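# Observations on the model geometry
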Amino acid sequence: MTGLMNGKRGLIMGVANNHSIAWGISKALAAQGAELAFTYQGEALGKRVKPLAAEVGSDFLLPCDVEDIASVDTVISAIKERWGKLDFIVHAIGFSDKNELKGLYADTSRDNFSRTMVISCFSFTEIAKRAAELMNDGGSMLTLTYGGSVRVMPNYNVMGVAKAALEASVRYLAADYGVRGIRVNAISAGPIRTLAGAGISDARAMLSWQQKNSPLRRTVTIDDVGSSALYLLSDLSRGVTGEIHYVDSGYNITSMPALDALRT
Ligand code: NAD
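Cut-offs used in this document
- Residues numbered from 1 in each chain as written.
- Predicted model: local features only at pLDDT ≥ 70, side-chain atom pairs only at ≥ 80, totals over all residues.
- Helix = DSSP H or I, 4+ residues; strand = E, 2+ residues; numbered from the N terminus.
- Rg over C-alpha atoms; globule rule 2.2 N^0.38 Å.
- Buried ≥ 20, exposed ≤ 12 C-beta atoms within 10 Å, placed from the backbone.
- Contact = placed C-beta atoms within 7 Å.
- Axes fitted to C-alpha atoms, helices over the stretch in contact; angles between N-to-C directions.
- Parallel < 35°, antiparallel > 145°, perpendicular 65-115°, else oblique.
- Left-handed = near helix turned anticlockwise from the far one by under 90°.
- Nonpolar A, V, L, I, M, F, W, Y, C, P; charged D, E, K, R; others polar.
- Near = placed C-beta within 6 Å.
- Expected span 1.5 Å × (residues − 1).
- Bend = angle between axes of the 7 residues up to and from the residue.
- Pairing = 2+ DSSP bridges.

This next bit is on the overall build of the protein chain. The helix and strand inventory of the protein chain stands at nine helices and seven strands. Taking 18 Å as the expected radius of gyration for a compact globule of 264 residues, we find that the protein chain reaches 18 Å, a close match to that expectation. The buried share among the 264 residues of the protein chain stands at 44%. Across the protein chain, every contact between residues at least 6 apart in sequence was considered, and the portion connecting residues at least 24 apart equals 74%.

A few words now on the environment of Asp97. Tracing the chain through its elements places Asp97 in the loop between strand E4 (88-91) and helix H4 (110-132). When the 15 C-beta atoms within 10 Å are taken as the criterion, Asp97 is described as partly exposed. Put simply, Asp97 and Ser123 are 26 residues apart on the chain and 17 Å apart in space, counted from C-alpha to C-alpha.

Take the packing of helix H1 (residues 21-31) against helix H8 (residues 222-233) next. Axis angle and axis distance: for two packed helices, these are the angle between their axes and the distance between the axes, and together they describe the pair. Between H1 and H8, the least distance of the axes is 7 Å, while the angle of their chain directions is 55°. As summarised for this structure, H1 and H8 are arranged oblique, according to the angle between their axes. In this structure, the crossing between H1 and H8 has a hand that is right-handed. Judged by residue contacts, Ile21, Trp23, Gly24, Ile25, Lys27, Ala28 and Leu29 of H1 engage Ile222, Asp223, Val225, Gly226, Ser227, Ala229, Leu230 and Leu233 from H8. Residues belonging to the contact of H1 with H8 are distributed by class as follows: 10 nonpolar, three polar and two charged.

This brings us to the site of the ligand. The local shell around the ligand holds 27 residues, among which Ser20, Gly94, Leu195, Ala196 and Gly197 are the closest. Those elements giving two or more residues to the shell around the ligand turn out to be H1, strand E5 (139-145) and helix H6 (195-198). If you tally residues by element for the shell around the ligand, the top one is H6, at three residues. Tallied by class, residues from the shell around the ligand come to 18 nonpolar, seven polar and two charged.

So, about H4. Between its first and last C-alpha atoms H4 spans 31 Å; for 23 residues at 1.5 Å apiece the expected length is 33 Å, and the two agree. At Phe122, H4 is deflected by roughly 50°, the largest bend along its length. Taken together, the buried positions of H4 are Thr116, Ser120, Cys121, Ser123, Phe124, Ile127, Ala128 and Ala131.

Read from one edge to the other, the open sheet built from seven strands follows the order E3-E2-E1-E4-E5-E6-E7, with strand pairing classed as parallel. Edge strands, defined here as strands with exactly one partner in the open sheet, are strand E3 (61-63) and strand E7 (244-247). Strand-to-strand twist of the sheet, defined as the mean angle between neighbouring strand axes without regard to direction, takes the value 20°. Relative to strand E6 (residues 182-189), E5 runs parallel, the two sharing seven bridges. By the bridge assignment for E6, Leu144 is matched with Ile187.

So, in structure tokens, the structure goes:
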């Protein structure tokens, strides 16, 4: 199947480098004809994102730090001016102080709790509200979450709480915007080696556990997530909204370690 995204224009937020989940999604979308705009957090990352954007035929790059709402507004204004509309957005943004992505959840500080919530959760709502104003013909919005939202994962701590709130936001936003033909979904990805992923203590152990114990006996790649994102952002999923779609080699359905892993 080719040209699934022909004529569609979308905003990708969260590419840091070529290991980013948002980059896997960008490649899948561009291969099907989507036109993409990118945001980057700060000039150092901008230097990395620029050549990647060029690889998928985009020269539309804008700085954005979601802690500064004025920078989000500037992005939306620039898109309005250049494109006049938006068909989809990808929110692949998460942050928490890595000193609190280890040890006890109970030790989370008030400052880091608030900051984690604003960047990793509320920014999606703020961006969705603004992007919806450019989606007069309907649209699709996607964010990224992790299974630490519904089950306890070692060291994931406050990020798990923020992802739980993010998933609830997906459902509320889907209800808000459904009547306007705008769909809102999330992908819950299995662990992947990325810049953000490396901030979580014992990330290697989590990758190895998933590889040994998930039904598919492997970890997922950014291209696996990209293909599923293509489905959720294209008309193929036109009847789907408010969903948390797992792309985790099936790990979320298991209730105990795989027997073959226990025996080795
Ligand atoms: P990544 O480090 O490549 O991407 C994280 C992005 O968040 C970066 O581009 C960074 O610039 C951006 N960001 C952080 N704070 C920001 C701010 N204040 N303003 C604007 N941008 C900001 O890592 P990734 O793993 O590709 O993460 C993308 C999303 O996927 C995150 O929401 C993450 O929680 C989620 N996720 C990751 C995994 C994993 O194992 N890597 C699994 C499930 C979900």
